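Below are the chains, spelled out letter by letter.
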Amino acid sequence: DEQIERERESQRLSGGCCALAAVYLMGKFYVANAGDSRAIIIRNGEIIPMSREFTPETERQRLQFLAFLRPELLGKEFTHLEFPRRIQPKELGKKMLYRDQNMNGWTYKKIEEDDLKFPLIYGEGKKARVMATIGVTRGLGDHDLKVFSSNLPIKPFLSCFPEVRVYDLTQYEHCPDDVLVLGTDGLWDVTNDTEVAGVVMDVLTSYEPNDPCRYTMVAQELVVRSRGVLKERGWRLANDKLGSGDDISVFVIPLGGPGNYT
């Protein structure tokens, strides 16, 4: 993240990205995630999550706590408190449910002038945004990102530190159909873990266990299915729902099987 900041100044590069990395070391897989990509292990048909997405909803308490400690980051335009919906001026003095960085549940408070400010976290699901700007809360770069039509920087709320999960391969006997799947959010936006596992099983069983192409073909099939087919109403999946409009990158890494391929 610091290197990206240096290159931003020396090479006039801007922007940012999420990061999902898998490192194999001494019999263990270390999976590090900073962003909204996802990794899962499929072992004997069982799905084992190896990451979680970092979004305004999943990191609500961290974001609100930072805003609570450093209110100057909100520029007097935002409130770190969260309400079930936007508050209207006519509701001043009335009671409404709210929560802050210390709360998982909700309680009531009397609406004051400051509560009319735009919420730090706005929207739900894929539409949730930090300061109405960005929908992911960890990653690299984005040092120049600012709230629309203002000079308020978003970067203080974006963490470059990943969450790391460890999987010990020596604890299990793995067959050639056991794999680690790494995918960007373009895959997971339209395809859930169970559907991914189904594609993995379907494709792998159509190839010989010692065929090195079988894992590449799984990744290709996952990308194709998530993008869909271009029709008059845009890219559509097999069930006619919208295909992914985001970038789709997929890696499928075998965890066991033959040591060399012939």
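Residues numbered from 1 in each chain as written. Predicted model: local features only at pLDDT ≥ 70, side-chain atom pairs only at ≥ 80, totals over all residues. Heavy atoms only, no water.

J.: Can you lay out the pattern of salt bridges for me, pointing to particular residues and giving the numbers?
T.: In total, this model carries 21 salt bridges according to the counting rule given. For Asp1, the salt bridge identified is with Lys155, shortest N-O distance 3.0 Å. Taken together, the positions of Asp1 in the segment before helix 1 (2-10) and Lys155 in the loop between strand 12 (140-141) and strand 13 (163-168) put the pair 154 residues apart, joining distant regions of the chain. Here Glu82 ties to Arg99 by a salt bridge, and the two come within 3.0 Å at their closest N and O atoms. A residue pair is termed long-range when its members are at least 10 positions apart, and Glu82 in the loop between strand 6 (78-79) and strand 7 (95-98) and Arg99 in the loop between strand 7 and strand 8 (107-110) qualify at 17 residues. Arg99 gets classed as buried once you look at its relative accessible area, which sits at 16%. Counted as one network, the salt bridges with shared partners bring together Glu5, Arg8, Glu9 and Asp144. (Salt bridge = Lys/Arg side-chain N within 4 Å of Asp/Glu carboxyl O. Helix = DSSP H or I, 4+ residues; strand = E, 2+ residues; numbered from the N terminus. Buried < 20%, exposed > 50% of the residue type's maximum accessible area, 1.4 Å probe, protein only.)

J.: Break down the sheet that holds strand 5 (residues 46-49) for me, citing the residues and quoting the values.
T.: Pairing is antiparallel in the open sheet, where 4 strands are placed in the order 5-4-14-17. What marks the edges here is a single partner per strand, and that holds for strand 5 and strand 17 (250-254). Averaged over all neighbouring strand pairs, the angle between strand axes comes to 20 degrees, with direction disregarded. Note: strand 14 (residues 179-183) against strand 17, 5 bridges, orientation antiparallel. Within strand 17, the position partnered with Leu182 by the bridge is Phe251. Here helix 4 (residues 193-204) sits on the sheet and contacts strand 4 (38-43), strand 5 and strand 14; the angle it forms with strand 4, its principal contact strand, is near 50 degrees. Each of strand 14 and strand 17 is contacted by helix 5 (residues 213-227), which is oriented at about 150 degrees to strand 17, the strand it contacts most. (Pairing = 2+ DSSP bridges. Axes fitted to C-alpha atoms, helices over the stretch in contact; angles between N-to-C directions. Contact = heavy atoms within 4.5 Å.)

J.: Break down the UniProt feature "domain: PPM-type phosphatase" (unreviewed entry) in the chain for me, citing the residues and quoting the values.
T.: Sequence positions flagged by UniProt for "domain: PPM-type phosphatase" (unreviewed entry) are, in local numbering, residues 1-255. In residues 1-255, the share of helix is 20% and the share of strand is 26%. The end C-alpha atoms are 31 Å apart. (UniProt positions renumbered as here; feature names shortened; annotations may be inferred.)

J.: Explain the domain arrangement of the chain residue by residue, including any values.
T.: Accessible area lost on assembly of the parts is the figure often given for the size of an interface. Looking at the assigned domains, one finds that the chain contains domain 1 (1-52 + 162-254) and domain 2 (59-141). Relative placement of domain 1 and domain 2: their C-alpha centres are 32 Å apart. Counting residues at the interface gives 14 residues for domain 1, matched by 6 residues for domain 2. It is Asp1, Cys17 and Ala34 in domain 1 that bury the most area against domain 2; as a group they hold 36% of the surface buried on that side. Seen at the junction of domain 1 and domain 2, the total is 2 salt bridges. One salt bridge in this structure joins Lys126 and Asp189, with 3.1 Å as the shortest N-O distance. When grouped by side-chain class, the residues that make up the side of domain 1 that touches domain 2 number 6 nonpolar, 3 polar and 5 charged. (Domains from an automatic or database assignment. Buried area = accessible area lost by both parts, 1.4 Å probe. Nonpolar A, V, L, I, M, F, W, Y, C, P; charged D, E, K, R; others polar.)

J.: Got a sec to walk through the packing of helix 4 against helix 5? Specific residues and values, please.
T.: One can describe the packing of helix 4 onto helix 5 by two numbers: an axis separation of 9 Å at closest approach and a directional angle of 135 degrees. Our classification of the angle between helix 4 and helix 5 gives oblique. As for how helix 4 packs across helix 5, the hand of that crossing is right-handed. Contacts between helix 4 and helix 5 involve Val196, Val199, Val200, Val203 and Leu204 from the former and Arg214, Tyr215, Met217, Val218, Glu221, Leu222 and Arg225 from the latter. (Parallel < 35°, antiparallel > 145°, perpendicular 65-115°, else oblique. Left-handed = near helix turned anticlockwise from the far one by under 90°.)

J.: Just give me the short version of the side chain of Glu91, but keep the residues and values in it.
T.: Mapping Glu91 onto the fold places it in the loop between strand 6 and strand 7. Dropping the residues within four chain positions of it, Glu91 is found in contact with Arg85, Arg86, Met96 and Ile111.

J.: Summarise the packing of aromatic side chains; cite the residues concerned and give the values.
T.: What characterises a pair of aromatic rings is the spacing of the ring centres plus the angle enclosed by the ring planes. Taken as a whole and judged by the stated rule, the model has 5 aromatic pairs. Between Phe83 and Tyr98 the ring centres are 6.4 Å apart and the planes differ by 40 degrees, which places this aromatic pair in the tilted class. Taken together, the residues span a long stretch of sequence, with Phe83 in the loop between strand 6 and strand 7 and Tyr98 in strand 7 at a distance of 15 residues. Take Phe83 and Tyr98: they sit in the same class, and that class is buried. Here the aromatic rings of Tyr167 and Tyr172 are separated by 6.0 Å at their centres, their planes lie at 10 degrees, and the arrangement is stacked. Accessibility expressed as a relative area gives 41% for Tyr172, which makes it partly exposed. Every member of this aromatic cluster is reached through a ring pair, and the members are Phe78, Phe118 and Tyr122. One residue, Arg43, lies across the ring of Tyr172, its end atom 3.6 Å from the ring centre. Positioned over the ring face of Phe54 is Arg138, at 4.1 Å from the centre of the ring. (Phe/Tyr/Trp six-rings, centres within 6.5 Å; stacked < 30°, edge-to-face > 60°. Lys NZ or Arg CZ within 6 Å of the ring centre and 35° of its normal.)

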